[in-house]
Amino acid sequence: MKVSSFLYFAGFGMETILFRRKKPILGTVIVTDKCNLQCRHCSVNNITAVVHPFHQIQEEMRQLYDMGVRILFFCGGETFLWKDGDRGLRDLVIEAKRMGFLIVNVVTNGTFPLDLPEADLILLSLDGDRERHNAIRGDTYDTIMDNIEKATADNICFYMAVNRINQDAIRHVCLTAKRMSNVRAVSFNFHTPYPDTRDLALSREEKAACCETIAQMMGEGAPVFNLKSAFPYLIDNSFPTPCHQCVVIENGKVSICGRCIEVPGLCEQCGYFFVAEYTLLFRGNIKIMLEMLKTYLKYI
Ligand SMILES: C[S@@+](CC[C@H](N)C(=O)[O-])C[C@H]1O[C@@H](n2cnc3c(N)ncnc32)[C@H](O)[C@@H]1O
Ligand code: SF4
Ligand code: SF4
């Protein structure tokens, strides 16, 4: 990370903590909800299947920038399906950098060729070993591994949503991240139980066991892009929600924290690690602050 970006984030953090500000810093643009997969745990694919045009997304980026957002995520649906004429996802990343976003990340299912060196991080969803991943995501594991091997940059970070199907595969994903030269780290979330996927939710005891495994892997040198200090809060779902420093925009509609804010009762069962990490950080939790500093400087 550039020194100037680091100073910007440090200033934002101090202001937010001292004056209890609710201004956002992290924003997500949903470029389309169209997807080539229908994963077992996912409730947000192919609801409209509309691919939003470049000028709309450009306007949404500008809106987020004007709100103060400097860390931008492109998400979907499947982001690599996005196109508008000759323009593809890479043009969106380049445009975001041109506008002045300091960090630009993309979330993908990894089934398309990974030629995106301009992105700071490509968060690539890997949900276990071949058997468990394919049980959730269809027969995609081998294609994804092939795409990672052939990727044109080493900016990949695995993104694993841990649920009842793949909770025993955490170790395997950590070791795969450690082994693959194009992969920088792995970042975890717990399954967030939308009404149609409640059967995949982990119990408190299962979450505790997962966190123990992740902490053990961190101790063994696995590159984990999460904060151990947030684990007790994630296990008990005792972190504050929603995250006021995060916003999502989809087809012109802005939501605080996530699109999921509209699902009654879901925030109390939120499994997203970034929500715990960011809300605790901006409440001034010193342990989180120090660990975040160490972790972010290592992986971005
Ligand atoms: C909705 S997908 C969109 C991007 C891309 N299609 C992909 O799969 O990475 C973004 C991330 O959300 C995760 N996800 C989907 N439903 C979830 C849920 N109910 N709880 C936690 N994570 C979830 C996916 O596993 C994926 O890592
Ligand atoms: S690839 Fe992503 S958007 Fe598509 S169904 Fe799977 S989790 Fe949902
Ligand atoms: S806190 Fe609520 S809105 Fe935010 S990600 Fe979790 S479930 Fe979604």
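Residues numbered from 1 in each chain as written. Chains lettered and ligands numbered in written order. Predicted model: local features only at pLDDT ≥ 70, side-chain atom pairs only at ≥ 80, totals over all residues.

*Asks:* Quick question: what am I supposed to make of the site of ligand 2 here?
*Replies:* Around ligand 2 lies a shell formed by Cys35, Leu37, Gln38, Cys39, Cys42, Val44, Asn45, Gly76, Gly77, Glu78 and Asn109. Tallied by class, residues from the shell around ligand 2 come to five nonpolar, five polar and one charged. (Near = placed C-beta within 6 Å. Nonpolar A, V, L, I, M, F, W, Y, C, P; charged D, E, K, R; others polar.)

*Asks:* Just to check I follow, could you spell out the site of ligand 1 for this structure?
*Replies:* In the neighbourhood of ligand 1, 20 residues make up the surrounding shell, with Val107, Asn109, Ser125, Ala161 and Thr192 lying closest. At the level of elements, strand 5 (103–108) and strand 7 (156–162) are the ones that each hand at least two residues to the shell around ligand 1. By residue class, the composition of the shell around ligand 1 is eight nonpolar, eleven polar and one charged. (Helix = DSSP H or I, 4+ residues; strand = E, 2+ residues; numbered from the N terminus.)

*Asks:* Sorry if this is basic, but what is going on with the sheet that holds strand 7 here?
*Replies:* Working definition: the strands of a sheet are paired by backbone hydrogen bonds and lie parallel or antiparallel to each other. What the eight strands build is an open sheet, ordered 8-7-6-5-2-1-9-10; its pairing is mixed. The open sheet terminates on both sides in strands that have one partner only, identified here as strand 8 (183–190) and strand 10 (253–256). Going from strand to strand, the sheet's axes swing by 25° on average, the running direction of each strand aside. Direction of pairing for strand 1 (residues 26–30) relative to strand 2 (residues 71–75): parallel, over a ladder of five bridges. Among the inter-strand pairings, threonine 28 is bridged to a residue of strand 2, identified as phenylalanine 73. Strand contacts of helix 2 (residues 54–67): strand 1, strand 2 and strand 9 (246–250), with the helix running at about 160° to strand 9, the strand carrying the most contacts. Helix-sheet contacts for helix 3 (residues 89–99) involve strand 2 and strand 5, and the interaxial angle to strand 5 is about 160°. (Pairing = 2+ DSSP bridges. Axes fitted to C-alpha atoms, helices over the stretch in contact; angles between N-to-C directions. Contact = placed C-beta atoms within 7 Å.)

*Asks:* Before we go on, may I ask you to explain helix 3 in this structure?
*Replies:* Residue pairs three or four apart in sequence face the same way in an α-helix, which turns once every 3.6 residues. All of the buried residues along helix 3 are Leu89, Leu92, Val93 and Ala96. What you see down the axis of helix 3 is that its buried residues fit within an arc of 100°, all on one side. Each element contacted by the buried residues of helix 3 is listed here: helix 2, strand 2, strand 4 (87–88) and strand 5. A positive backbone phi angle near 115° is found at glycine 100, which sits one or two residues after helix 3. (Buried ≥ 20, exposed ≤ 12 C-beta atoms within 10 Å, placed from the backbone. Arc of directions from axis to C-beta.)

*Asks:* Even after reading the chapter, I still don't get unusual backbone geometry, so can you show me in this structure?
*Replies:* Among all residues except glycine, the phi angle is most often negative; among peptide bonds, the trans geometry is most common. In this structure, the amide linkage connecting glycine 76 to the following residue, glycine 77, adopts the cis form with an omega of 25°. With respect to the helices, strands and loops of the structure, glycine 77 is situated in the loop between strand 2 and strand 3 (83–84). Here the bond from threonine 241 into proline 242 is cis, since omega is -10°, no more than 30 degrees from zero. Topologically, proline 242 is positioned in the loop between helix 8 (231–236) and strand 9. Phi at alanine 49 takes a positive value of approximately 60°, unusual for a residue other than glycine. Mapped onto the elements, alanine 49 comes out in the loop between strand 1 and helix 2. Judged by local crowding, alanine 49 falls into the exposed class, with 12 C-beta atoms found within 10 Å.

*Asks:* Explanation requested: the packing of helix 2 against helix 3 in the structure shown.
*Replies:* Packed helices, taken two at a time, are described by the angle their axes make and the gap between the axes. At a closest axis distance of 11 Å, the pairing of helix 2 and helix 3 adopts a crossing angle of 35°. The element helix 2 and its partner helix 3 pack so that their crossing is right-handed. Every residue of helix 3 that contacts helix 2 at Ile57, Gln58, Met61, Arg62 and Tyr65 is listed here: Leu92, Glu95, Ala96 and Met99. (Left-handed = near helix turned anticlockwise from the far one by under 90°.)

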